[in-house]
Structure formats: structure tokens, C-alpha cells
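Listed here are the chains, written in short residue letters.
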Amino acid sequence: MKTVTQHPWQNGPTELIRYAIEHLHKEMEFDQRISFLLLDIGVETLFKTFLTLPEDVTGAKIKFPDRKRAAEGSFHDLVKGMEAAAPSKLKEFNLAHIQFYHDLRNKLYHQGNGITIPTEKAKGYAELAVRLLEVLLDVNLTHLLREPETKARLQEKQEKLEQELNQQIITIHKELDHLRVEVRLAIERIEPRLLLPSFEKQLSACYEFEGHKRDKIFMKAIDAVVSEQALKDYLLPEGIQRLLIESWSIDVTFLYFHIISRDLPEAMDWERHYALAKMFPDYAQQPVIKEIDEDGPLTEIIPTTSEVIEEGKRLLSQLRKIGERIQHWVSEGH
């Protein structure tokens, strides 16, 4: 079955029933009446279209003069003509329901004010009209009829995803705190004085300066707490990278990872995973990935909530593996 029209004779009934469904979804009393009227016109047009099409298109079981007479007669004649012309197509339909809805439409049309259409009857006629359109003219508007339910399901799914994402952000925060504890326990074995609040305060002060001034403050801070010359040499190489000092001054954990990497080279990668996990809450709120096209400008890709959650799961897994590796390394006596 097709969701769009492919033949000109499909357009009239399809458009009328589509407009009827649009009004039905608005759920105001006025729209319910308009919807019901359009549905009745749509079904009548559908039947007349079917009866007046060539037999090789519809497979009608009665001759064209009989079909034409039914199409030009009363609504009762129209229904009877359809029963005769398409018995196999309509075997699962009770066309008495069509006559019932048409009689209700006549009351609405002729009596006007004071007549209301119950929502369940408008929806019942819509269901019937959509099924008839599909069977007789091979056009499927079920997706339009189910649109409110589909939107509700999608909304519910999105809300559940957002709840899961919010919980994931909380879990990542806790895992980061846990990892920082493990890292500090490792540094306690290497050089406990690197954990002193006074050192952290002096290190954070580096952020306020640039160039050689920042280098001098950092070197002074390291010199005051690190006794092992090899560690000093590792932290103060010739041509020290100032970007590293900047990141260390923002979060001392980056410095601790750098120190651990002297014995565990993979710790250099841990810094990246740790940084991504720290940024995850902001990324989760505005998840935009920028890509550079080879022959064009930057393009923005906005991941779905599900994709963001998967990224969060990957980061959580990495954080836990890092924590376990540090625990193992410390337990080995390093």
C-alpha cells in the first residue's frame, strides 16, 4: 500500500480524508464537526470514484452502466452499488456503519446548531474511511491517523532517554570523584606533599600569569614539595610546555596523571578520557560535533540523545577501567 497518491483519481478522496484527519487531531468541537463532514464527503467521493473508474483498474464486478447509475443516485444507491461492485474487497466491512455515519452527518448538516459529534464517533468514521481508502484505491493514511499516538510514544521515549541521560551525568560526576580519590592515593605513594592544599593553591595561581612568569611560579611550587630529582627533571624539562602548566593549574588531577605516566605510559591517554568525562555534562546539554569538510566550511552534526547516552556509557567504562588500573598499580607496591 502506498502512502502517497500515484494516480490522478486517487487525489480527490485522499485530500478530503487527509484534511478531515487534520481537523480531527485538533480536538476542538468545531474541528470535530468539520472533520466529520469532510469524512462523509471523502467517503462519498471515494465510492463515486471507484464506481466510475474502468473495470481493469478496480476489478469491479458489475457493468459500467449499473455502476454509473449507483454513482449518480442517492447515498443509499451508492452504498448498494459498492456492495455489488466490490464484494470481495468489502467483505470485512459492514457498510451499515457507513450509512449510520452518513445519517448522523445529515443531522449535523441540516440541523446545524445544537448537534455535536462525539469524539469516538468522529474517530470511528475516520478509521473506517482510512481503511476503505486503502482497500479501494491503494492509498494508506494510517500514519496520519495514528500521528497523535506516535507523537505521544516518541515524547514518552524521549522523556525516558532524558531521565536516563540526567542519571548518567550524576553517575559520571560520582565516578570522576571516585577516580580523583584513586589518583590522589597513587600520588600519596609517589610524593605526598604534592597533595598539600598550599601546593594546589600555588599551582592554581599559575593560571593568572603567562610565559616565563608562569614557568617561574610553577617551578617554585614544584621545587618546594618534590624532593626526588628524577621527578623534578620529569616535570621541569627544558622547553617546558606551557599549555600543560595551564591545564594543570585548572585541575591538578591532570598533573597527577602526568606524574603517574612516568611509570604507566598509558596514563597519558587517561588525561584525555578524564577531560572528556569532565566536559560530558556540557556536551550532553548542547551536543554539537563540528567536522571539517575537505572542500567546504565547518559542518555541525547534532547527535541524538541515544547517541549521547552511548558516549556517556563509553566514558563511564573508561573511567572505571582507569580506576581499576590505578588500584592494581598501587597494590603492586608502586
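Everything below is about the structure shown above.
Residues numbered from 1 in each chain as written. Predicted model: local features only at pLDDT ≥ 70, side-chain atom pairs only at ≥ 80, totals over all residues. Heavy atoms only, no water.

Some remarks on the overall build of the chain
Then, number 1: If you tally the helices and strands in the chain, you get 16 helices and two strands.
Then, number 2: Taking the principal axes of the C-alpha coordinates as reference, the chain spans close to 105 × 45 × 40 Å.
Then, number 3: Scored against the burial criterion, the 334 residues of the chain give a buried share of 39%.
Then, number 4: When contacts within the chain are restricted to residue pairs at least 6 apart in sequence, long-range pairs at least 24 apart make up 67% of them.
Then, number 5: Split by element, the accessible area of the chain, about 19100 Å² in all, is 52% carbon and sulfur.
Then, number 6: Side-chain charges in the chain split into 44 positive and 55 negative, and the spacing between the mean points of these groups amounts to 4 Å. (Helix = DSSP H or I, 4+ residues; strand = E, 2+ residues; numbered from the N terminus. Buried < 20%, exposed > 50% of the residue type's maximum accessible area, 1.4 Å probe, protein only. Contact = heavy atoms within 4.5 Å. Areas by Shrake-Rupley, 256 points an atom, 1.4 Å probe, with all protein chains shown as cover. Lys, Arg positive; Asp, Glu negative; His and termini not counted. Charge placed at Lys NZ, Arg CZ, Asp CG, Glu CD.)

Section: helix α16 (residues 305-331)
Then, number 1: With 27 residues, α16 should reach 39 Å at 1.5 Å per residue; the first-to-last C-alpha distance of 39 Å fits that figure.
Then, number 2: Of all the positions in α16, only T305, V308, I309, G312, L315, L316, L319, I322, G323, I326, W329 and V330 are classed as buried.
Then, number 3: Tucked inside the fold, the buried residues of α16 contact α9 (147-190), α14 (252-260) and α15 (267-285).
Then, number 4: Just downstream of α16, G333 is the residue with a positive phi angle, here 95°. (Expected span 1.5 Å × (residues − 1).)

Focus: the packing of aromatic side chains
Aromatic ring pairs: the centre-centre distance and the angle between the two ring planes describe each pair.
Then, number 1: Applying the stated criterion across every chain yields a total of nine aromatic pairs.
Then, number 2: Arranged with centres 5.4 Å apart and planes meeting at 40°, the rings of F218 and W248 form a pair that is tilted. In this pair, F218 is assigned in helix α11 (residues 211-225) and W248 in helix α13 (residues 242-250), connecting sequence segments 30 residues apart. You'll find F218 and W248 in the same group, each marked buried.
Then, number 3: A centroid spacing of 5.2 Å and a plane angle of 80° characterise the contact between F254 and Y274, whose relative ring orientation is edge-to-face. With F254 in helix α14 and Y274 in helix α15, this pair connects stretches of sequence that are 20 residues apart. In this structure, F254 and Y274 share a single accessibility class: buried.
Then, number 4: Through a chain of ring-to-ring contacts, three or more aromatic side chains come together here, namely F36, F100, Y101 and Y125. (Phe/Tyr/Trp six-rings, centres within 6.5 Å; stacked < 30°, edge-to-face > 60°.)

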